[in-house]
Structure formats: structure tokens, C-alpha cells
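Residue strings, one per chain:
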Amino acid sequence: MSDIPLGVLDLVPVPSGSTAADALRNSIDLAQQAERLGYARYWFAEHHLNPGVAGTSPAVVLALTASATSTIRLGSGAVQLGHRTALSTVEEFGLIDALHPGRLDLGLGRSGGSPPGERTTPVATATPVVDGRAPNGLLIPPRFSFERLLGSPRIALQRRLLLLPNAASQDYAEQIDDILALLAGTYRSPEGVEAHVVPGEGAEVEVWILGSSGGQSAEVAGARGLRFAANYHVSPATVLEAVDGYRSWFQPSEFLDKPHVSVSADVVVAEDDETARELATGYALWVRGIRTAEGAIPFPTPDEARAHRWSDEDRALVQDRVDTQFVGSPGRVADRLEQLQEATGADELLITTITHDHADRVRSYELLAREWRRRGHSFRTG
């Protein structure tokens, strides 16, 4: 367990009272700090129509951040292929790789255009869960139903705005195959016509598939021998199913000879538990905005969050996410991260931290890195 690198997943959150420009500057600064602290990767998520999240285009933010850093790997967590083409994705990352070769992770996801109901039946988890706990005690909460979220008018509007009129998303597995072929320079159309992407072909990017269940994303990643990132922070109920499904599908490839898994976690670290809990006060209200399909709100101050009057329905919406956020002193959070790693067999862990004040966010990553290193963990990527 000594070689379990930590990476950063950044949504480019907008704190209340600030602007998207402030959030972007904060994220670039955090990436510079993460590089200084020894974090292995820095990934940007993609979200749309969220007032409190400015990470709308991973490729654009990656280009900005690549120019402000020099060694840390940078990536997408994830490019939403539901409203993109294989060609545009390879071209965007090829452009960045042309000036920053060998530093990019191309994380790919299915969301962002797939209509509700388009899901593959997941592989059943092989890891037993008894009374809501994995064998080592990791909390696996009840499954949250996303039906209300997926069926909301706001999600339908997002899909309409992201897709051209009458356009349909390409089959996900075919799209992944097209991306791999365009990167490798082996693409042929059904009619036998070649396509060569400049820049993009031969780009030194590391391809990852992100998934929240043991369904199609896990199958695509495993069957093609690609790296897989599972989301404990988004869907903690299905993280074991996701990693088990991926491993069950895995076939050795030119990329990997054995499965390689990263698992994400929401984390807030401070010098002591009480301070960390105070910094994390706004998290439940922020998740509520996402789960009600209103969109992520600007991240509130603790006082703003405490002013919200919670209904039983509100609390039920966010309970699984609040219960699985790792909040506390460096030792307490590191203990829970080690538990998450043990339960999932993760090769890497991906940390996402949101606080209202940027300095507190940087400090959280700093304290965690110090404790992780003190325990003898390596930050080397595999």
C-alpha cells in the first residue's frame, strides 16, 4: 500500500460573493500548489448550467493550467462524450499535448447528452456489503435514485443546448474506439477512408474511463484494457459494483497488463476535527442544489448554510453524500482514505475538496499531503 498516489479533482467551484474569474484564478493557483505538494494528477470536471461551478470546458482550463505548471499531470474528469465527437476530443487534447507533451490524462465519461434510461445493466458486485458496510467497515450507503434528477426540465434543457438540432449521440463504445484509433493513427471509416488528426495523432495522452457503476463504462474500460476511475464521491452506493465490474471485464492490452483503478473521495482537512467540520458546513446545501436539479449553487459560507431551513426531504436528498464525505484532522481523514483504498483495491485516490475560502482549501490539501507522506505513501503514479 506504500505506492498509492493522491490526485486532485477540481470542479472550479465559485464561492458565494465571488465570480467565475475568481474561481478560475483560484483553481490555477491550487494546481500550482498541488504540484508543489507532490500530488500526482490534477483533473478538471465538466459541468454545465451550474451557477456555482465554472468548470464548463476541461480542455480550455487544462490549456490555461498547463501554461502555469510544469510537472504535474493534468487531465479531464471527465470530458462528457454525450455531446462531443471523437474528432473534436482528440483535436482539443492534441493541441494541448503539442505544447505540453506527455502530461495529459484524457478522462472520458458518458454523461452530457445521453437521455434518461440509456443505461447498461451493471455487473453485480462480488464484494459483500452487510448492513451498509464493506468487509473492512467502509460505509456503503443505500442507493440514491437519480430518476428525478435525470427527468428534470433543467437537464432536458441542458441536453437541448449542448446538442445540435436533431443530433444524436454516438454509441459510447464506438466513440471510445474511434478516439483510440484517431490517437493511434489507425482510424478507418466503414468505407475504408483514413483520417489523420494533426495535432492529435500520436499524442502522449493517457486514456481513462470514468464511471459510477458496473455498467457500460466499466465494461468499455475493462474490455479495452484502459484505466478506470470510480466515483465514491458522486455515487458511494455503487463504488464497489463499479470497480468489481471493471475488473471482471478487464483484458490485458497495449496500455495495461492488469487493471488500474482510481477512486474519488470528497475530503475536508483542517488542523482539528472541529475546524474541519465548520469548513464543511456548506457542503450539504451545495449538494442539495445538485440533487434537486437546480444546479450547484455558489458554495456558501458556514453562516449562509446554517440559515437554510432543512426539510426531511432535503436531508434525504443529501444524506449519502454527507455521510461519505471525509471530514476532520489529517490523521482522521487519512485513516478513512486508507479504508477506502483497502475496500476498493484502488491503485490511486482522487481527492476533491471545496471550502468557501480558497486559503482553507489549499491548506486542506497541504495538511493531507503532509500526513499521507508521513505515513510512507508514495505520490508516484503507476
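About the thresholds
- Residues numbered from 1 in each chain as written.
- Predicted model: local features only at pLDDT ≥ 70, side-chain atom pairs only at ≥ 80, totals over all residues.
- Heavy atoms only, no water.
- Helix = DSSP H or I, 4+ residues; strand = E, 2+ residues; numbered from the N terminus.
- Rg over C-alpha atoms; globule rule 2.2 N^0.38 Å.
- Buried < 20%, exposed > 50% of the residue type's maximum accessible area, 1.4 Å probe, protein only.
- Contact = heavy atoms within 4.5 Å.
- Areas by Shrake-Rupley, 256 points an atom, 1.4 Å probe, with all protein chains shown as cover.
- Salt bridge = Lys/Arg side-chain N within 4 Å of Asp/Glu carboxyl O.
- Pairing = 2+ DSSP bridges.
- Right-handed = clockwise from strand over helix to strand, strands pointing away.
- Expected span 1.5 Å × (residues − 1).
- Axes fitted to C-alpha atoms, helices over the stretch in contact; angles between N-to-C directions.
- Parallel < 35°, antiparallel > 145°, perpendicular 65-115°, else oblique.
- Left-handed = near helix turned anticlockwise from the far one by under 90°.
- Nonpolar A, V, L, I, M, F, W, Y, C, P; charged D, E, K, R; others polar.

Trainee: Just to check I follow, could you spell out the overall build of the chain for this structure?
Mentor: Scanning the chain from N- to C-terminus turns up 14 helices and 10 strands. The C-alpha radius of gyration of the chain comes to 20 Å, within 12% of the 21 Å expected for a compact globule of 382 residues. Based on the C-alpha atoms only, the size of the chain along its principal axes is roughly 65 × 45 × 45 Å. By residue count, 56% of the 382 residues in the chain fall in the buried class. Restricting to contacts in the chain with at least 6 residues of sequence separation, those with at least 24 account for 76%. In the form shown here, the chain has an accessible surface area of approximately 16,000 Å², with 52% of it arising from carbon and sulfur atoms.

Trainee: Can you walk me through the pattern of salt bridges in this structure?
Mentor: Oppositely charged side chains can pair when the atoms bearing their charge come close. Per the stated rule, a full pass over the model turns up 25 salt bridges. Residue Asp 10 is joined to Arg 361 by a salt bridge in which the shortest nitrogen-to-oxygen separation is 2.7 Å. Taken together, the residues span a long stretch of sequence, with Asp 10 in strand S1 (residues 6–10) and Arg 361 in helix H14 (residues 358–374) at a distance of 351 residues. With a closest N to O distance of 2.7 Å, Asp 335 and Arg 375 form a salt bridge.

Trainee: I'm lost on unusual backbone geometry in this one. Help?
Mentor: Where the residue is not glycine, phi is negative for most of them; where a peptide bond is considered, it is trans in most cases. At the junction of Gly 77 and Ala 78, the peptide bond is cis and its omega measures out at 15° in the coordinates. Along the chain, the position of Ala 78 falls in the loop between strand S3 (73–76) and strand S4 (79–80). With an omega of -10°, the peptide bond between Val 198 and Pro 199 qualifies as cis. Tracing the backbone shows Pro 199 in the loop between helix H6 (172–184) and strand S6 (205–211).

Trainee: Could you clarify how one ought to interpret the pairing of strand S7 (residues 227–231) in this entry?
Mentor: Put simply, side chains in a regular strand alternate between the two faces of the sheet. Across the 5 residues of S7, 5 count as buried, placing the element largely inside the fold. Of the two faces of S7, the one carrying Arg 227, Ala 229 and Asn 231 and the one carrying Phe 228 and Ala 230 are both buried. Taken together, the 4 bridges between S6 and S7 define a ladder with parallel strand orientation. Across the sheet, Ile 209 pairs through a bridge with Phe 228, a residue of S7. In this fold, S6 hands off to helix H7 (residues 216–223), which returns the chain to S7; that crossover is right-handed. As paired strands, S7 and strand S8 (residues 261–269) are joined by 4 bridges and run parallel to one another. What sits directly across from Phe 228, in S8, is Val 261.

Trainee: What is the right way to read helix H13 (residues 330–344) from this model?
Mentor: Structural remark: α-helix, 3.6 residues per turn; residues separated by three or four positions point the same way. In this model, H13 (15 residues) spans 21 Å end to end at C-alpha, consistent with the 21 Å of a helix rising 1.5 Å per residue. Listing the buried residues of H13 in full gives Pro 330, Val 333, Ala 334, Leu 337, Leu 340, Gln 341, Ala 343 and Thr 344. Lining the buried residues of H13 we find helix H8 (239–249), S8, strand S9 (326–328), strand S10 (348–352) and H14. Gly 345 sits one or two residues past H13 and shows a positive phi near 65°.

Trainee: Please clarify how the packing of helix H1 (residues 20–37) against helix H2 (residues 58–68) should be interpreted in this entry.
Mentor: Two measures define how a pair of helices packs: the angle their axes make with one another and the distance between the axes. Axis separation between H1 and H2 bottoms out at 10 Å; the angle between their running directions is 45°. What the angle tells us is that H1 and H2 run oblique. Of the two possible hands of crossing, H1 and H2 adopt the one that is right-handed. Together, Leu 24, Ile 28, Ala 31 and Gln 32 of H1 and Val 61, Leu 64, Thr 65 and Ala 68 of H2 make up the contact between the two elements. By residue class, the composition of the contact of H1 with H2 is 6 nonpolar, 2 polar and no charged.

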